[in-house]
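# What the coordinates show
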Amino acid sequence: MAFTAVLQSEWTKIRTVASTSWTLALVFLVTVGFAALFSATFDPNRLDAAQRATFDPTATSLSSMELGQLAMIVFGVLVVSTEYSTGMIRTSLAAVPRREHFLLGKMAVATALALAVGLLTSFASFFLTQALLGDLGIGIGEENVLRAVTGAGLYLALLALFCMGVAAMLRSSVAAISVLVPFFLIVSNLLVGFEATRTVGQYLPSNAGGRIMQVVPHAFDSPETPYGPWGGFGIMVLWTLAAVLGGYAVLRKRDA
Amino acid sequence: MIELEGLTKRFGTTTAVDHLSFRIRPGVVTGFLGPNGAGKSTTMRMMLDLDNPTSGTVRVYGKHYRDLSEPLKHVGALLDAKAMHGGRSAYNNLLCLAQSNRIPRQRVDEVLDLVGLTAVAKKKSKGFSLGMSQRLGIASALLGDPEILMFDEPVNGLDPEGILWIRNLMKGLAAEGRTIFVSSHLMSEMALTADHLVVIGQGKLLADLPMADFIQQNSRSYVRLRSPQQERLKDLLHEAGINVVSVPATGTLEIDGVSAEQLGELAARHQIVLHELSPQRASLEEAFMRMTADSVEYHAHAPGMAADNPARPADVPAWGAAHTATRKAGE
């Protein structure tokens with residue numbers, strides 16, 4: 001079976017359901033919208049000396065990713081879980097019985113789309129907010145800025161892929177979303193917030209992967225990390241790989 | 001062709017499919033019959049490699065289903081009419097399937113036309129009635145113009161018009177020389193469409209025989225006689241060398257192999273009054289129920305009956321392809 005045929009089929013699947021457009025539109029609107037809001041209402045006089053010293057204009061553009069990523073989680077989950085909730089999975093696997101082709105094709109198409117939307121979101125967010133910040137703004141050519149903005153797009157794509165893997169393991173929209181959203185929104189932040197659990201929390205996918213978006217290491221009092229931007233991203237890649245392999249194992253082993 | 005060998009599926013301690021071995025013959029309609037819960041759907045899912053067998057194998061053209069390249073061009077299946085993404089249009093549901101097996105786009109229009117869904121092709125399939133979903137499922141089965149078609153209970157829940165449509169469609173597909181494997185829990189439905197029968201009960205193979213043989217073995221025809229002068233009539237028949245079975249429960253006589261005309265004339269010649277003279281035919285449904293009575297998962301119990309005393313005929317013969325049916329009249 002030609003793998004390109006599977007890619008084409010998965011592309012048709014993804015572009016012909018409503019959930020794709022609304023989740024991805026939300027990623028863009030929430031991220032860019034809140035970034036614009038933060039920067040338009042930003043008052044540098046309220047910063048203390050330490051915050052002023054570590055002020056990171058790029059972070060102002062990208063911190064709204066924290067909210068925008070929730071829609072990306074939903075996108076990643078739904079791409080996989082609606083196959084199960086609708087019963088389509090049995091029709092899909094009868095057409096593409098090789099599980100690795102089916103899963104890889106679906107993940108490749110959805111991750112590529114998430115990457116495109118992720119990059120569009122991070123660059124739009126960056127340029128809009130830097131314009132709004134005026135004198136405090138920074139150019140894309142400054143040190144590490146291009147890496148951070150591109151990294152934000154990569155982060156969103158990788159996050160979507162991670163969620164596809166988890167959804168393939170759990171095979172249910174409700175189960176996957178109710179595990180992933182609290183995990184990324186609350187657990188990850190909570191573990192990093194406390195001194196005692198920080199070392200563990202830093203290795204969670206969003207905290208490690210998020211490091212790539214930082215230009216100034218300790219901006220807004222963020223704690224020190226034992227890894228660099230790409231090191232952190234590598235940790236998230238490992239998490240994602242584990243989720244994808246887990247999803248593949250479940251798909252192979254369980255009855256459709 | 002499709003061959004099952006020792007196919008077994010266990011869910012925990014329950015054995016849903018138990019060492020099932022049979023072949024699906026090419027170019028005919030094979031009816032796959034069994035009561036609800038007999039393991040028909042599980043077997044069909046394993047044939048498409050959707051469920052993993054506990055042991056045993058299924059081979060399609062000598063290969064595992066998983067190793068077929070572009071399987072929709074060999075096997076088309078309708079297992080569950082609702083196994084489509086409801087948020088996608090009928091056309092797009094078929095298009096993504098077609099693309100995965102490199103089936104040309106115009107074939108999607110063709111099959112939509114074939115099942116009569118062209119007018120609603122752009123509508124989301126979640127608004128479809130069961131009949132329309134069934135047609136969409138059949139369209140997906142026909143997409144690759146496959147040689148083998150599998151349908152799981154295709155008439156379930158359909159209105160008479162839908163049932164007739166599916167029945168004629170299957171006949172038409174069979175006439176084109178395709179291999180059709182269709183499951184049902186209704187013998188009467190199978191008698192109309194199938195050339196060959198595979199019967200299972202509790203996951204075990206009960207029979208694998210041509211439909212004609214099944215009918216011949218099970219639809220014994222006889223003549224029922226009722227007369228106020230029954231003893232005289234019996235003697236008369238004995239003298240004529242005709243074998244008679246008395247059925248005390250109904251007070252009737254049953255005669256094999258002699259026509260109603262001959263019996264009527266014989267009675268008239270001896271001036272015996274007849275209250276009934278009727279040709280009878282045992283129904284296939286009865287024969288099927290007797291065949292599977294032992295293996296029905298959930299028996300309906302008559303009120304007041306003990307739970308371990310299922311309501312079924314007292315004498316259940318052992319069945320098999322070589323079995324010659326004997327009707328135990330009078331028991």
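Remember, it's a predicted structure, so these values are computed and weren't measured experimentally.

Turning to the overall build of chain B, a few remarks are in order. If you tally the helices and strands in chain B, you get ten helices and 13 strands. Every one of the 331 residues in chain B was classed for burial, and the buried ones make up 50%. Residue pairs in contact within chain B that sit at least 24 positions apart in sequence constitute 69% of those at least 6 positions apart. For chain B, the exposed area adds up to about 15,200 Å²; of that, 51% sits on carbon and sulfur atoms.

Take the pattern of salt bridges next. For the coordinates displayed, the defined rule picks out 22 salt bridges over all chains. The shortest N-O distance in the salt bridge between A:K13 and A:E10 comes to 3.1 Å. One end of the pair is A:K13 and the other is A:E10, both in helix α1 (residues 3–15) and three residues apart, which spans about a single turn. Comparing A:K13 with A:E10, the two get one shared label, buried. As a salt-bridge pair, B:K204 and B:D18 come within 3.2 Å of each other at their nearest N and O atoms. Pair noted here: B:K204 is in strand β9 (residues 204–210) and B:D18 is in strand β2 (residues 14–24), with a separation of 186 residues, a long-range link. Judged by its relative accessible area of 41%, B:K204 falls in the partly exposed class.

Under the feature "transmembrane region" (unreviewed entry), the UniProt entry names residues 21–42, 62–82, 103–128, 148–167, 174–194 and 230–251 of chain A. Between the C-alpha atoms that bound residues 21–42 of chain A the distance is 31 Å, and the span itself is 91% helix and 0% strand.

All names here are of chain B. Sheet topology note: the strand β11 (residues 244–247)/strand β12 (residues 252–256) ladder contains four bridges and is antiparallel. When the bridges of β12 are listed, V245 appears paired with E254. From the end of β11 to the start of β12, which pair antiparallel, there are four residues, and G251 there has a positive phi angle of about 65°.

What follows deals with the packing of aromatic side chains. Residues and elements named next belong to chain A. A complete count under the given rule lists eleven aromatic pairs over all chains for this structure. Taken together, a centroid distance of 6.3 Å and an interplanar angle of 45° make the contact between F34 and F38 tilted. Of the two residues, F34 and F38 both sit in helix α2 (residues 18–40), four residues apart, roughly one turn of that helix. Using a relative accessible area of 33% as the deciding quantity, one classes F34 as partly exposed. Joined through ring pairs, the aromatic side chains of F123, F126 and F127 make up one cluster.

Attention now goes to the domain arrangement of chain B. Domains assigned within chain B are domain 1 (2–215) and domain 2 (221–281). Computed over C-alpha atoms only, the centres of domain 1 of chain B and domain 2 of chain B are separated by 48 Å.

Now for unusual backbone geometry. All names here are of chain B. Despite not being glycine, E153 shows a phi value in the positive range, around 45°. Its place among the elements puts E153 in the loop between β6 (148–152) and α5 (160–175). Positive phi, close to 45°, is recorded for Q202, a residue that is not glycine.

Taken together, the contact pairs 31 residues of chain B with 28 residues of chain A. Summed over both sides, the interface of chain B with chain A buries roughly 2,600 Å², with 53% coming from carbon and sulfur. Three residues stand out in chain B for area buried against chain A, namely B:L50, B:R66 and B:Q99, and they jointly supply 25% of the buried area on that side. At the junction of chain B with chain A, the criterion picks out three salt bridges.

The next subject is the packing of helix α7 (residues 99–133) of chain A against helix α12 (residues 229–253) of chain A. Residue and element names in this part refer to chain A. Remark: α7 packs on α12, axes separated minimally by 10 Å, with the N-to-C direction vectors making an angle of 140°. Regarding the angle of α7 to α12, the classification is oblique. Between α7 and α12 lies a crossing whose hand is right-handed. Facing α7, whose interface residues are R99, E100, F102, L103 and M107, α12 presents V244, G247, Y248, L251 and R252.

Turning next to the sheet that holds strand β1 (residues 2–11) of chain B. All names here are of chain B. The three strands are arranged β2-β1-β4 in an open sheet whose pairing can be described as antiparallel. For this open sheet the edge positions go to β2 and β4 (55–60), each flanked by a neighbour on one side alone. The average undirected angle you get between the axes of adjacent strands in this sheet is 20°. With respect to the sheet, helix α1 (residues 40–47) is in contact with β1, β2 and β4, its orientation differing from that of β1 by roughly 120°.

All names here are of chain B. As for its position among the elements, S41 is in helix α1. S41 gets classed as partly exposed once you look at its relative accessible area, which sits at 29%. In the structure, S41 is positioned 168 residues away from L209 in sequence and 20 Å away in space, judged by C-alpha atoms.

Calculation notes
- The written sequence of each chain sets the order in which its residues are numbered from 1.
- Key to labels: chains lettered from A, ligands numbered from 1, both in the order written.
- The predicted origin of the model limits local features to residues at a pLDDT of at least 70 and limits the giving and counting of side-chain atom pairs to 80 or more, whereas totals for whole chains, interfaces and linings rest on all residues.
- Side-chain calculation: all heavy atoms of the structure are included, whereas hydrogens and water are not.
- Helix and strand assignments come from DSSP, with helices taken as H or I runs of at least 4 residues and strands as E runs of at least 2, each series counted from the N terminus.
- The buried label applies to any residue whose accessible area, calculated with a 1.4 Å probe on protein chains only, is under 20% of its type's maximum; exposed applies above 50%, and partly exposed to all values in between.
- Contacts are assigned to residue pairs that have any heavy atoms within 4.5 Å of one another.
- For accessible areas, the Shrake-Rupley method is used with a probe of radius 1.4 Å. Any residue's cover is judged against the shown protein chains and nothing else.
- Any carboxyl oxygen of Asp or Glu that lies within 4 Å of a side-chain nitrogen of Lys or Arg is treated as forming a salt bridge with it.
- UniProt positions are given in the numbering used here, feature names are shortened, and annotations may be inferred rather than shown by experiment.
- In this analysis, strands are considered paired if DSSP registers two or more bridges between them.
- By convention, a stacked pair of Phe, Tyr or Trp rings (six-membered ring in the case of Trp) has centres within 6.5 Å and planes under 30 degrees apart, an edge-to-face pair has planes over 60 apart, and any other such pair is tilted.
- What counts as a domain boundary in this text is fixed by an automatic or database domain assignment.
- Two parts placed together each lose some accessible area; with a 1.4 Å probe, that loss summed over both constitutes the buried area.
- The angle between two axes is taken between their N-to-C directions and runs from 0 to 180 degrees, where each axis is a line fitted to C-alpha atoms and a helix contributes only its stretch in contact.
- When an angle is under 35 degrees it counts as roughly parallel; over 145 it counts as roughly antiparallel; between 65 and 115 it counts as roughly perpendicular; any other value is oblique.
- Put simply, a crossing is left-handed when the front helix is turned counterclockwise from the back one by less than a right angle, and right-handed when it is turned clockwise.

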